[in-house]
Number of protein chains: 2
Amino acid sequence: MIKTLIVTHGNLADELVAAARTIDEELARGVHPLSLPWDVDFDIARETVTGRLQELDEGSGVLVLTDMFGGTATNLVLPSLEEGKVEVVTGVNLPMLIKLGSLLDRGLELHELARRVVAAGQRSIHVASEFLGSRG
Amino acid sequence: MIKTLIVTHGNLADELVAAARTIDEELARGVHPLSLPWDVDFDIARETVTGRLQELDEGSGVLVLTDMFGGTATNLVLPSLEEGKVEVVTGVNLPMLIKLGSLLDRGLELHELARRVVAAGQRSIHVASEFLGSRG
């Protein structure tokens, strides 16, 4: 199964996974947080990231979710990008993790999984009054 | 100035604001976290939410960012929706908060601010390999 690693600075990764697990323990199967201290040394953090990616890869690759493009957490992961091995999705939010729970069993290839997670994340962001209006 | 309230269960709201403040103290001006315990009573939480909204509204309204549509945090805030007073954006992520920092000074009306935050949030979510490919 494809595993997921959430990489952020601060405790955001831990809190996202804790929230997903509280909603449904099963949803967060295979999703692992990696919260990095704000003052972490870049080279040390790169070693931590590459170590975790190797541990998690069972042959189908690892999906990495990061807080934001241009941020240090993303910059730490980008050197590991490799087709079919490591895909990175930026802008992580809670609905992406919830959606992941229903996508992981479908045997999707890594890049397709990343695209579906992106679509789910984008669709989850609404102005609630417009969304309710369009449904009503 | 329009104030922003982030409402989530667990400590997600606190961690998002802490991350934004660590990136740039100025960016998180006027952004307030409200993290609710997972086992909070709905009626008590509604009182907390309405109290915070009243405190924060300086006349231009309050933008509320929540973790996900259909989640309890969003359900707690939706009864407070009111044109020009309270707008709710779901699917909060860190890039939205960073973008807010540059939007708050522009004197936008509440609904327009909410739309721009939604657009920024959606645009922040990429498959990094595609994004890099399209730029390269």
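Preceding this section is the structure that the text describes.
Residues numbered from 1 in each chain as written. Chains lettered and ligands numbered in written order. Predicted model: local features only at pLDDT ≥ 70, side-chain atom pairs only at ≥ 80, totals over all residues. Heavy atoms only, no water.

A.B. asks: Please clarify how the interface of chain B and chain A should be interpreted in this entry.
C.D. replies: You'll often see interface size given as the accessible area lost when the parts meet. Listed as interface residues are 41 residues of chain B and, on the opposing side, 41 residues of chain A. Counting the surface lost from both chain B and chain A, the interface buries some 3400 Å², and carbon and sulfur atoms represent 72% of this. The largest per-residue losses of area from chain B upon contact with chain A belong to B:Trp38, B:Phe69 and B:Ile125, which jointly make up 18% of the total buried on that side. Here A:Arg115 and B:Glu130 are joined by a salt bridge, their closest N and O atoms 3.3 Å apart. Counting only elements with at least two residues in the side of chain B that touches chain A, the list comes to α1 (12–23), β4 (86–90), α4 (94–103), α5 (110–123) and α6 (128–135) of chain B. (Contact = heavy atoms within 4.5 Å. Buried area = accessible area lost by both parts, 1.4 Å probe. Salt bridge = Lys/Arg side-chain N within 4 Å of Asp/Glu carboxyl O. Helix = DSSP H or I, 4+ residues; strand = E, 2+ residues; numbered from the N terminus.)

A.B. asks: I tried to follow the sheet that holds β4(B) on my own but got confused; where do I start?
C.D. replies: Paired through their backbone hydrogen bonds, the strands of a sheet run either parallel or antiparallel. Residue and element names in this part refer to chain B. Across the sheet, four strands lie side by side as β2-β1-β3-β4; this open sheet has parallel pairing. Each edge of the open sheet is held by one strand with a lone partner, namely β2 (31–36) and β4. Recorded for the sheet is a direction-independent mean angle of 25° between the axes of neighbouring strands. Two strands pair when backbone bridges link them, and strand β1 (residues 3–9) and strand β3 (residues 62–66) are joined in this way by five bridges, in the parallel orientation. Bridge pairing in β3 links Leu 5 to Val 64. Contacts between α1 and the sheet are confined to β1 and β2, with β2 contributing the most and set at about 155° to the helix. (Pairing = 2+ DSSP bridges. Axes fitted to C-alpha atoms, helices over the stretch in contact; angles between N-to-C directions.)

A.B. asks: Hey, could you run me through empty space enclosed by the protein in this one?
C.D. replies: Over the atoms a probe the size of a water molecule is rolled, and this reveals where empty space is left. Counted by the stated rule, this structure contains one cavity of 30 Å³ or more. Each pocket or cavity is described by its volume, and for the largest cavity that value is around 30 Å³. A:Leu12, A:Leu16, A:Val92, A:Asn93, A:Leu94, B:Leu12, B:Leu16, B:Val92 and B:Asn93 are the residues that line the largest cavity. Considered class by class, the residues forming the lining of the largest cavity number seven nonpolar, two polar and no charged. (1 Å grid on protein atoms, 1.4 Å probe; cavity = no way out; pocket = protein on both sides within 12 Å on 5 of 7 lines; lining within 4 Å. Points joined across faces, edges and corners; volume = space filled by probe spheres on them. Nonpolar A, V, L, I, M, F, W, Y, C, P; charged D, E, K, R; others polar.)

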